[in-house]
Amino acid sequence: MSEELNQEQTTEQSKKGKKEKNTLAMLMSGVAGGIIAALFTGGIFLNIINDEQATPSEDNNQNEQTEQTSSEEAVPTTNLANQSSNSIGSAVEKVSDAVVGVSNIQQISLWEESDAAGTGSGVIYKKDDEYAYVVTNNHVVEGAQEVEVILTNGEHVAANVMGTDALTDLAVLRIPSDQVSTVAELGSSDELAVGDTAIAIGNPLGQEFAGSVTQGIISGLDRAVDVDLNSDGQPDWTTNVIQTDAAINPGNSGGALINTNGQVIGINSMKIAQSTVEGIGFAIPINDAKPIVEQLETGNEVERPFIGISAIDLSTVPQRHIQETLQLDESVEKGVVVAQVEPSSPAEEAGLQQYDVVTKLNDKEIESMLDLKKYLYSETEVGEEVTVTFYREGNLQTATLVLNEQNDM
């Protein structure tokens, strides 16, 4: 009996001992965890105390440097986010009142009242004592009998169309300046870099969403977009544009693309509208627009040089005609074939004829009519002398002509 009692006591003592050990281990673990947590969370306070009471050890110096580095890294991140948000807000506030609505009013028939055939956006970029000037897209005002500018206060103001240019898709309007308080600052599109913040302001889907703001980045620079002006399926011009993923919707055309300084860097013009495409919009670089706008605001059409020919690309001519009619060698693969020479034009005066195959202007190789127009409009001026290299009946020849002015395409 005593033996059984002793065994029970021994067993209970053993269990009690194990329980005490487990409890002690848990306590020690908790204390150790608490000490570690205190060291991490309160390290900076320990360092401060050590700084005041004694010369810190090498380990303490390292801890202090670590804490300081973490603290210094955390603060600018928050500040940068705040600065970014604030800079976008201030940029929009700076220019938003200068971004207006543009209404294209057309008379449908003699028996019906005039109505808005379409709406777009515009940017007030200049003001004097009498007038304020608005830049927008040509396609926004094309075909209008009347044009109205809708200010941000809701006022509708009749506008005069000073000039339009289909090639660059730009137009300038003029309105009385008495109600205009804000003029947009024009920046520089030459200083842009891919990845820069881009902010689009305009009136997507009409006045209901007037003054809408979308944010994105500069997705690409010097993008080339073909433009077909006469709907013949062939490009008449290649427009140099800024690509952005800031949302641009119908009604945004003619509005402002701005930077974080609130400066206009582009005029929103178009987007790729396909179900498989998202976030590809285009704006006319403001540095490309400035010289065109300056000509349009004076009521003058854009001055461009011309040769005086209509032509087709050699690449579209059947091989049989290349050999039999044009009598070209197989080595001649690129150029434009003259279809018609305008009377009294520089081309006629220089002796160019139908079926001549133009391959060069000065030292610039011409592969298509698009190449010819781009070179003429970008690299030459009215009154300039140009050397034309061409083939006639298979023989290589050159001629010199002086470029005249042509206002119409």
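Everything that follows concerns the structure shown earlier in this document.
Residues numbered from 1 in each chain as written. Predicted model: local features only at pLDDT ≥ 70, side-chain atom pairs only at ≥ 80, totals over all residues. Heavy atoms only, no water.

## Things to note about unusual backbone geometry
Operational definition: Numbering goes from the N terminus for both helices and strands, where a helix is a DSSP run of H or I of at least four residues and a strand is a run of E of at least two. Each residue is assigned to one of three classes by its accessible area relative to the maximum for its type, calculated with a 1.4 Å probe on protein chains only: buried under 20%, partly exposed between the two thresholds, exposed over 50%.
Phi angles above zero are rare outside glycine, and D169 is one such case at about 60°. If you trace the backbone, D169 turns up in the loop between strand 5 (156–165) and strand 6 (170–176). Given the relative accessible area of 13%, D169 is considered buried. Phi angles above zero are rare outside glycine, and Y355 is one such case at about 80°. For Y355, a relative accessible area of 44% corresponds to the partly exposed category.

## Some words on the pattern of salt bridges
Rules: Note on definitions: salt bridges are taken to be side-chain nitrogens of Lys or Arg within 4 Å of carboxyl oxygens of Asp or Glu.
A full pass over the atoms with the stated rule returns five salt bridges. With its nearest N and O atoms 2.9 Å apart, the salt bridge here joins E185 to K94. Separated by 91 residues along the polypeptide, E185 in strand 7 (residues 185–186) and K94 in helix 3 (residues 58–95) bring together distant segments of the chain. The exposure class of K94 is partly exposed, given its relative accessible area of 40%. The partner of E297 in a salt bridge is K126, with the nearest N and O atoms 2.7 Å apart. A residue pair is termed long-range when its members are at least 10 positions apart, and E297 in the loop between helix 5 (286–296) and strand 14 (304–306) and K126 in strand 2 (residues 115–127) qualify at 171 residues. Classification of E297 as buried rests on a relative accessible area of 13%. Residue class for K126 comes out partly exposed when judged on its relative accessible area of 34%.

## Concerning the nonpolar core
Short version of the rule: What we call a nonpolar core is a set of buried Ala, Val, Leu, Ile, Met, Phe, Trp, Tyr and Cys residues that are connected through their side-chain atoms within 4.5 Å. Residue contacts follow a heavy-atom distance rule, with two residues in contact if any of their heavy atoms lie within 4.5 Å.
Formed by 43 residues in total, the largest nonpolar core has its most connected members in I124, L173, I175, I258 and V264. If sequence neighbours within four positions are ignored, I124 has contacts with A98, V100, A132, Y133, V134, L151, V180, T182, V183 and A184. Residues V341, Y375, L376 and V388 belong to the second largest nonpolar core, which totals 21 residues.

## Structural notes on a negative patch on the surface
What counts, and what does not: What makes a patch is a set of residues exposed beyond 30% relative accessible area and free of salt bridges, joined within 9 Å when like-charged and within 5 Å when nonpolar (Val, Leu, Ile, Met, Phe, Trp, Tyr). For accessible areas, the Shrake-Rupley method is used with a probe of radius 1.4 Å. Any residue's cover is judged against the shown protein chains and nothing else. Neither His nor the chain ends contribute to the count of charged residues, in which Lys and Arg are positive and Asp and Glu negative. One atom stands in for each charge, and that atom is NZ of Lys, CZ of Arg, CG of Asp or CD of Glu.
A contiguous patch of negative charge, built from D190, E191, D222 and D288, is present on the exposed surface. Structurally, D190 is set in the loop between strand 7 and strand 8 (197–202). Note on D190: relative accessible area 62%, which makes it exposed.

## Looking at the packing of aromatic side chains
Centre-to-centre distance and the angle between the planes together describe a pair of aromatic rings. As a reminder, the rule being used: For Phe, Tyr and Trp, where Trp contributes only its six-membered ring, two rings pair if their centres lie within 6.5 Å, and the inter-plane angle classes them as stacked under 30 degrees, edge-to-face over 60, or tilted in between. Throughout this description, the term charge over a ring refers to an Arg CZ or Lys NZ atom that lies within 6 Å of the ring centre and within 35 degrees of the ring normal.
Counting across every chain of the model gives zero aromatic pairs. We note R174 situated over the ring of Y131; from NZ or CZ to the ring centre the distance is 3.8 Å.

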